[in-house]
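# Residue-level structural notes
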Amino acid sequence: MNSQENGQAQSRDIIARLQNAIKELPELLALLTAPLDSIGLLPPQFVRYNTTPLPDGAFKVSKHIPALQRALLEHVIPTWEALLTEKRMYGIVEQYFCPDLFSFASPAAGELAIHGYSTILSLPLTEYSVRFLVRLSKAYPIDVLWTVVFGGLSGTSERKEFTWEDCVRNVIAIPGKVANALGGKSAIPPELEYGLYFNHVSRRCETLIQRLSMKRSKGDVISVNYILTKLVNVGVFPVTVPTSPSQPSFFQSTLPSIRSNLTSPSYASIWPEIITATPSTFTLQTVIASLFTHIKKVEGLDALASARTVAKEEALLLSGILGRMTKDSDDLWDTMNAVLLGREWTVGHARIFVCWVAGCERNQFDVEALETLLGNVVDLWTNADHIRHSLLNKHHSLLLLTISYISAPGVSSAAIKNLAFSPLFIKSISTYLTHLDPSVRRCGMMIAEEVARGAGKKLDFADWDGENDGKAWCKAIRVLTKERDIDAEIVEDSGNEAGEGAKNVNIREQPAPPSIPSQGNLPKVTKPQDRTALVQDVTEYDSDDSLTGYITSPSSSRSPSPTPSELEEIEKDPTLRVTQKKIARPVYLAQLGDMIRPAGGLKPEAEEDEAQKQQVALDVAEEQIRRKRSYGTELEENAVNLVYGLIGLQDSYELEGFSQKRQAALNALVACCPRKAALAMIEEFFKNQYSAEQRYAILNALALGARELASLPIPETPAMQTPERISFTSKRLPPMLHHKYLTAADQQLVAAPVQNLLEGISREAIDKGRDAAAEKVPAYVRERQLRIKKPARITEVTKDGTVTRPQSSQMMARPATVFTDVAAEYFICPLINRFWLFLRDEQTREARTAQQPTLHQYKGSGTGLILNALVLSHFMATLAVLVHAARHAKEWLAIVAPDALELAVTVGTRPLSSGEGEDEDADDNLPGGQASAKGKEAALLTTSLELALVVLDGCVDLDGGRTMSLEHTALVLGVSEWAEEVLSRLEKGIKMLGGGGVQEMKLRRAAAGVVLKADEVTSRWKRSMIDVLSNA
């Protein structure tokens, strides 16, 4: 094997290694630096990491870069982005997609950018790939890509044309693909928003045209035409002036620059070439119509010199872009006729058109071109349908075009006579005179008089006195046509203003530099602080002296107190932290699992680093889990291990935000890998080795993760909020007290998110039941209709009339796993079934020790155990939240609803443990050998009733309660009887264990809600339920 083949093998080996797991950062840097060094694009700061350089010519850009870029996007960046950014080494990854400013002159840099566009758009877009597109759009816009393709790449002209077409398609497709990929999940970068992006592309396209005007070939003009065609297809040439920044417009963005550049003869000659070389008639018509729309507006009847000057300036602009209209320009005349006569234009536009067609110069009046225009105008003007149905504005513009020809110098009277005596003209005048609109009728009368005057005849309708019925307009048009706009002088000040305006626009729209150095590559330079700045004059009292140094006089020998920023710099000084070892950030989930749950146990020498390991692991756990959600099988392989580690983790070192970060990581595991994480958590929940806090974390993760999978709102916790949610004034408390009082109101939300969710769910179900009950009272129905119901709007669409259009998988943004697909199999049924098994084992264990002395009897409802009222009520609340989120699952009515309702009735009516409901403060030595009173805890009874309410409400919403009433009749009647009994006891004043206050109010509301919902179900299916019971 020769050296070249050996080098190619090394290049392929680098790509293969990048596609697999990389354990160390130096190994990654060695793999990334070798190819860049081989093609001369390695930044100087990374040269020392190139430990295994490639031979010269071993790495081919066209052959190896696409595969290497794909490996970076799919394997390296998802894993190493955070660590590379932290180490300020992310610039070496950016170099593969958007080479920096120092590499811009290299031909390989542009080729990397071209491949970067293609590779990024060929894969599903992510946040980091969108950031690459932002950098590419700034550093390598369309004009730079043209230079790379036609000036830097080697190959045949056909190959360059194919490459150019691919570049244009990629550049045009970026805003749409980014919008579809983000799908409202996150904000679109401003640089890639539809309007701003295409306005930038338009300006860069005009820059390319300016560059080509110096030296060009036929192929260059064709390449520009291809860009314009693609821009027309995406609506960048609108036929109306945009009113919103989100609407792009080519000429609105480029006309100031075009005006200033048209003074160059070479630039003025390239635009007509581009226009005439446009292959598509539709494209050409759209471009010309958009140009006509964006020229300056001229007051239609303004005969002042300033208006005539503006009209002539705009005519010169049209002449510079479209070229002069001559009699022999047949192809261009066809397009102009379609645009000029097929659309509605104002009288001001008609003045500009006449001046442009006439030649824009006083001494070069083109009568033949005007005669050609008149022929086309007369064909439309004499059309009876046009006379009867066209708007007045179009009649005015055609009238001005005709009169301008008649009053033009050099027009022979014979041509006007031929027009005056033509049968079509005479017939059209008769049609005008019979028109019902007097303003339109005046147009026919005026044109007849002007044509007769031009033919040497005299015609006067003698009805022009007054201002009504279009008479004033006809007088103004006669005054306007006494002079010609083509004879106006271009005022120097006007031209200077235009030039200054263009110059200002050019300065404001100056293109960005070829590349923006990565922030990760820039060393952090801190300006030395002046010690005297620490001495401040305090004019007001400030109770917080913890952040301000003591004031010292200039003559004092004592040094000033260090500021907090100085203390941070001292703490980060490596010379003072010799014995402390910095813990590296994990990049793989297996490394994260080892930091949370060491496989070989905790070694004594590593115990001092354990706190820092846990802190680093908790800081990055949620981010790493969510980042690996759609990245191969790494998350599925490590999900169970992470569940074991996070649940068993203890806050032995009192880490900051320990509970919130662990909860966020567990929530992410359930949401990102439900099939593995949910089952593992359910199994761990029923083990006796965990505390109540750990069980709460498991239940919260199941509930919140399930709602995230179901795309339902979840309560906002302090972990989700920005650190600076509230900005105090200058008298701000110290950080510890500030954090303490800021989060005091959020403690209830953090401690019981599931209970808060269930409270909202049950309240919604009760409100629906109350509305349904109110519908049965005719007086209430009429009152509510008169007070609340609004008339249907025209745009209202009924449920049966909605039309759903199928969308492709690329257009639909939906999560990989929907909760309704996994709810029954991985969440609710395992939770219920595992509870029944646990309850059987616990009751068996209690029965074995029931005959032993009280001290040795086992009770499953002890503090912290699952059957304890507090833990069990949280369990029932979690199950209620899961059942509510899964109500649209296909197994809900047949399996989930009856199983959950049976569990709610059992927990709410039967004792689960021998020690359940015992009052710990009650006296065991009651007189007469009486036992202490037992009963259900109010909190447990409340959550059981709320679970029953959620089930019944879902049954009513899905099928009106039919399935539950007819297939589980005894269960429904039992729920109704149970709720009525609880409500009756509360009405009699019987106190529940642990009740009173807010808890009693919740219990009363839940019981009343179940009674109303059960009555709604039974009243609808009572006859069928009686038949079922009688047959049983």
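Residues numbered from 1 in each chain as written. Predicted model: local features only at pLDDT ≥ 70, side-chain atom pairs only at ≥ 80, totals over all residues. Heavy atoms only, no water.

## Focus: the overall build of the chain
Scanning the chain from terminus to terminus reveals 42 helices and zero strands. Taking all 1032 residues of the chain together, the buried fraction comes to 46%. Contacts in the chain between residues far apart in sequence, at least 24 positions, make up 75% of those at least 6 positions apart. Accessible surface, the chain: about 53,400 Å² in total, of which carbon and sulfur atoms supply 53%. (Helix = DSSP H or I, 4+ residues; strand = E, 2+ residues; numbered from the N terminus. Buried < 20%, exposed > 50% of the residue type's maximum accessible area, 1.4 Å probe, protein only. Contact = heavy atoms within 4.5 Å. Areas by Shrake-Rupley, 256 points an atom, 1.4 Å probe, with all protein chains shown as cover.)

## Here's the deal with the nonpolar core
If you look at the biggest cluster of nonpolar residues, it comprises 165 residues, and the most contacted ones within it are Leu18, Trp80, Trp164, Phe292 and Trp356. In terms of residue count, the dominant contributor to this core is helix H3 (residues 61-86) (11 residues). Residues in contact with Leu18, not counting those within four places in the same chain, are Leu28, Leu31, Leu32, Leu68, Ala71, His75 and Val76. Membership of the second largest hydrophobic core comes to 116 residues, among which are Leu592, Phe819, Leu872 and Trp978. (Core = buried A, V, L, I, M, F, W, Y, C linked by side-chain atoms within 4.5 Å.)

## A short note on the packing of helix H13 (residues 281-294) against helix H14 (residues 305-322)
In the contact formed by H13 and H14, the axes pass within 11 Å of each other and the chain directions differ by 160°. Between H13 and H14, the interaxial angle falls into the category roughly antiparallel. When you trace H13 past H14, the crossing you get is right-handed. When H13 is examined against H14, the residues Ile288, Leu291 and Phe292 are found in contact with a partner set consisting of Leu318, Ile321 and Leu322. Looking at the contact of H13 with H14 residue by residue, the classes come out as six nonpolar, no polar and no charged. (Axes fitted to C-alpha atoms, helices over the stretch in contact; angles between N-to-C directions. Parallel < 35°, antiparallel > 145°, perpendicular 65-115°, else oblique. Left-handed = near helix turned anticlockwise from the far one by under 90°. Nonpolar A, V, L, I, M, F, W, Y, C, P; charged D, E, K, R; others polar.)

## Focus: the side chain of Thr254
For Thr254, the position within the fold is in helix H11 (residues 250-261). A distance of 2.8 Å separates a polar side-chain atom of Thr254 from the backbone oxygen of Phe250. Sequence-distant contacts of Thr254, that is, excluding residues within four places in its chain, are made with Ser202, Arg203 and Glu206. (Polar contact = N/O pair within 3.5 Å; in protein donor to acceptor, adjacent residues only side chain to side chain.)

## A look at the pattern of salt bridges
Taken as a whole, this structure holds 30 salt bridges when the rule is applied. We note a salt bridge from Glu622 to Arg626, for which the minimum N-O separation is 3.2 Å. Of this pair, Glu622 and Arg626 both sit in helix H27 (residues 610-627), separated by four residues, roughly a single helical turn. For Arg626, a relative accessible area of 30% puts it in the partly exposed group. The salt bridge partner of Lys991 is Glu1000, with a shortest N-O separation of 3.9 Å. Take Lys991: its relative accessible area is 64%, and that puts it in the exposed class. Glu1000 sits in the buried class, given a relative accessible area of 18%. (Salt bridge = Lys/Arg side-chain N within 4 Å of Asp/Glu carboxyl O.)

## Quick word on the packing of aromatic side chains
Within this structure, the stated rule accounts for 22 aromatic pairs. Ring plane angle 5° and centroid distance 6.3 Å describe the contact between Tyr90 and Phe132, whose orientation is recorded as stacked. Here the residue Tyr90 occupies a position in the loop between H3 and helix H4 (91-94), and Phe132 occupies one in helix H6 (residues 127-139), the gap between them amounting to 42 residues. For the pair shown, Tyr90 and Phe132 are each scored as buried. The interplanar angle of 35° and the centroid separation of 5.0 Å between the aromatic rings of Trp146 and Phe150 together place this pair among those described as tilted. One end of the pair, Trp146, and the other, Phe150, are both in helix H7 (residues 142-151), four residues apart, so they sit about a helical turn from each other. Under the relative-accessibility criterion, Phe150 is labelled partly exposed at 24%. A network of ring pairs unites the aromatic residues Phe685, Phe686, Phe835, Trp836, Phe838 and Phe875 as a single cluster. The ring centre of Phe685 lies 5.9 Å from the NZ or CZ of Arg695, which sits over that ring. Geometry around Tyr858 places Arg845 over its ring, the cationic atom sitting 4.0 Å from the centre. (Phe/Tyr/Trp six-rings, centres within 6.5 Å; stacked < 30°, edge-to-face > 60°. Lys NZ or Arg CZ within 6 Å of the ring centre and 35° of its normal.)

## Observations concerning helix H8 (residues 157-182)
When the terminal C-alpha atoms of H8 are compared, their 38 Å separation across 26 residues agrees well with the 38 Å that a helix rising 1.5 Å per residue should span. Ile174 marks the point of greatest bend in H8, at about 45°, and the proline Pro175 comes within the next four residues. Three or more residues of H8 are buried, namely Lys160, Thr163, Trp164, Cys167, Val168, Asn170, Val171, Ile172, Ile174, Pro175, Val178 and Leu182. Packing partners of the buried residues in H8 comprise helix H5 (107-122), H6, H7, helix H9 (194-214) and helix H10 (218-233). Once H8 ends, the next one or two residues include Gly183, with phi positive near 55°. (Expected span 1.5 Å × (residues − 1). Bend = angle between axes of the 7 residues up to and from the residue.)

## Side note on the environment of Gln663
Inspection of the secondary structure puts Gln663 in helix H29 (residues 658-672). By relative accessible area, Gln663 is classed as buried at 15%. Look past the residues within four positions of Gln663 in its chain and what remains in contact with it is Tyr696, Ala697, Asn700 and Ala701.

## Structural notes on the side chain of His874
Position of His874 among the secondary structure elements: in helix H37 (residues 869-885). With residues near it in sequence (within four places) discarded, His874 still touches Tyr696, Leu699, Asn700, Val754 and Gln755.

## What to know about helix H17 (residues 367-381)
In this model H17 runs 20 Å from its N-terminal to its C-terminal C-alpha over 15 residues, within 8% of the 21 Å that 1.5 Å per residue would give. Inspection of H17 places Val367, Ala369, Leu370, Leu373, Leu374, Asn376, Val377, Val378 and Trp381 among the buried residues, and these make up the whole buried set.

## Thoughts on unusual backbone geometry
Negative phi values dominate among residues other than glycine, just as trans dominates among peptide bonds. One non-glycine residue, Arg88, adopts positive backbone phi at about 60°. Mapping Arg88 onto the fold places it in the loop between H3 and H4. Residues other than glycine seldom take positive phi values, yet Ser711 does so here, at roughly 60°. Mapped onto the secondary structure, Ser711 falls in the loop between helix H31 (692-709) and helix H32 (735-742). Ser711 sits in the exposed class, given a relative accessible area of 60%.

## A word on a negative patch on the surface
Judged by side-chain charge, Asp328, Asp330, Asp331, Asp334, Glu368 and Glu371 come together as a negatively charged surface patch. At the level of secondary structure, the elements contributing two or more residues to the negative patch comprise helix H15 (330-342) and H17. Top contributing element to the negative patch by residue count: H15, with three residues. With respect to the element layout, Asp330 can be found in helix H15. The class of Asp330 is exposed, set by a relative accessible area of 51%. (Patch = residues over 30% accessible without salt bridge, like charges linked within 9 Å, V, L, I, M, F, W, Y side chains within 5 Å. Lys, Arg positive; Asp, Glu negative; His and termini not counted. Charge placed at Lys NZ, Arg CZ, Asp CG, Glu CD.)

## What to know about the confidence of the model for the chain
Mean pLDDT over the chain stands at 79; residues scoring 70 or higher make up 79%. By mean pLDDT, the top-scoring element of the chain is helix H30 (residues 674-685) (95), and the lowest-scoring one is helix H24 (residues 492-508) (40). Confidence drops under a pLDDT of 50 for residues 717-730, and excluding neighbours within four residues, the segment shows 13 contacts in the predicted structure. Scored below 50 in pLDDT, residues 788-815 makes six contacts in the model with residues more than four places away or belonging to other chains. (pLDDT = per-residue confidence, 0-100.)

## Examining the environment of Ser38
Position of Ser38 among the secondary structure elements: in helix H2 (residues 25-38). Discounting chain neighbours no more than four positions away, the residues touching Ser38 are Leu54, Pro55 and Phe59.

## Regarding the state of the cysteines
Scanning all chains against the criterion turns up zero disulfides. There is no disulfide at Cys443, and the cysteine sulfur nearest it, in Cys474, is 5.9 Å away. Under the relative-accessibility criterion, Cys443 is labelled buried at 2%. (Disulfide = S-S within 2.5 Å.)

## Some details on the environment of Val148
Following the sequence through the fold, Val148 ends up in helix H7. Its relative accessible area of 12% is what places Val148 among the buried residues. For Val148 and Ala113, which are 35 residues apart along the polypeptide, the C-alpha to C-alpha distance reads 9.4 Å. The contact partners of Val148, leaving out residues within four places of it in the chain, are Gly110, Glu111, Ile114 and Leu153.

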